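Each chain, written out:
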Amino acid sequence: MSIFNRSDYKIRKRLKNSNSNRIEYLLSDNVSFDVLESFRNFKSSLTVSIPKKQSGEGTVIVMTSACPEDGKTTVAVNLAMTFAFSDAKVLLVDADIRKGRIARFFRRKSAPGLADYLSGQISLEDAIHQYKENENLSYLTCGTHAPRPFELLESEQMTKFIEEVKTRFDYIIIDTPPLLVVSDAIALATQADGTVLVTRYEMSYVSDIAKTMEKLNFAKANVLGVVVNDYTANEKTYYHSDKYRYKYYSYAYSSESDKDEKEKSNKE
């Protein structure tokens, strides 16, 4: 059963072949109001969910999903952008050392990056890049492919890294691999102030979401809620140019209780 109404098996087939059709979608003043407002609401929900620390340290948020192609990285990048728009100092970290994609959004190479820093090959100053369009946003790409990413992410060096960047930034958004594919997110969710699970409308299975939640709960991660990606209540809007056709996704933030209600209604 899908989390919402499910189309036929062709959806999964389309997702399997969608890598070449991916669009690195960055928020700007030119996107639709609905998309901008959805991310603003998402940001506000997170701000309320995580109280500000008296110590002044930054807030660490881990983004994960059950399966690939749920739009997790797009949500993570644009959430970081939304925080940066509000004058917060933000660090976006690509912790998907196997198949990180954050570098593509900023038209950079993935290496050197996080893996190289954790293995002692570069300094933190050399690893972190500032986004030219918004000085409030900095980012750290995934780096050179490493044979044992999980060990890097649960290392003492990673713990020291998180403690260091919390003194420099207001928010640290960490993009991690899909949890049902590899368990890398668990290594970071336990060190984060909160974890967000990204799902995709008419794509994500309830069983996959339940398994992911079980893993996060077993690790005692603080799950803040679920993002339903690629959902709109009205007819989807398209933008046409000479070369491209973009489908504007809207993002809906829901709590775990809201998700449970939707699952019950589907069963009925």
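Our subject in this report is the structure included herewith. (Residues numbered from 1 in each chain as written. Predicted model: local features only at pLDDT ≥ 70, side-chain atom pairs only at ≥ 80, totals over all residues. Heavy atoms only, no water.)

### Digging into the pairing of strand E1 (residues 59-65)
Alright, step 1. Within E1, seven of the seven residues are buried, which leaves the element mostly enclosed by the surrounding structure.
Alright, step 2. Neither face of E1 is open: one carries Thr59, Ile61, Met63 and Ser65, the other Val60, Val62 and Thr64, and all of them are buried.
Alright, step 3. Sheet analysis places E1 next to strand E5 (residues 171-175), joined by five bridges and oriented parallel. Bridged to Val62 within E5 is Ile174.
Alright, step 4. As judged from the five bridges shared by E1 and strand E6 (residues 194-200), these two strands associate in the parallel manner. Looking across to E6, one finds that Val62 is bridged to Thr195. (Buried < 20%, exposed > 50% of the residue type's maximum accessible area, 1.4 Å probe, protein only. Helix = DSSP H or I, 4+ residues; strand = E, 2+ residues; numbered from the N terminus. Pairing = 2+ DSSP bridges.)

### A few points about the environment of Leu26
Alright, step 1. Within the secondary structure layout, Leu26 lies in the loop between helix H1 (10-16) and helix H2 (33-49).
Alright, step 2. Taking C-alpha positions, Leu26 is 6.2 Å from Asn78, a pair spaced 52 residues apart along the chain.

### Overview of the packing of H2 against helix H3 (residues 72-85)
Alright, step 1. Look at H2 against H3: their axes get within 9 Å of each other, and the N-to-C directions meet at 80°. The angle between H2 and H3 falls in the class roughly perpendicular. The segment H2 lies against H3, with Phe39, Arg40, Phe42, Lys43, Leu46 and Thr47 engaging Val75, Asn78, Leu79, Thr82 and Phe83.
Alright, step 2. Here the residues of the contact of H2 with H3 are counted per class, giving six nonpolar, three polar and two charged. (Axes fitted to C-alpha atoms, helices over the stretch in contact; angles between N-to-C directions. Parallel < 35°, antiparallel > 145°, perpendicular 65-115°, else oblique. Contact = heavy atoms within 4.5 Å. Nonpolar A, V, L, I, M, F, W, Y, C, P; charged D, E, K, R; others polar.)

Worth remembering: the numbers are spatial, not functional.
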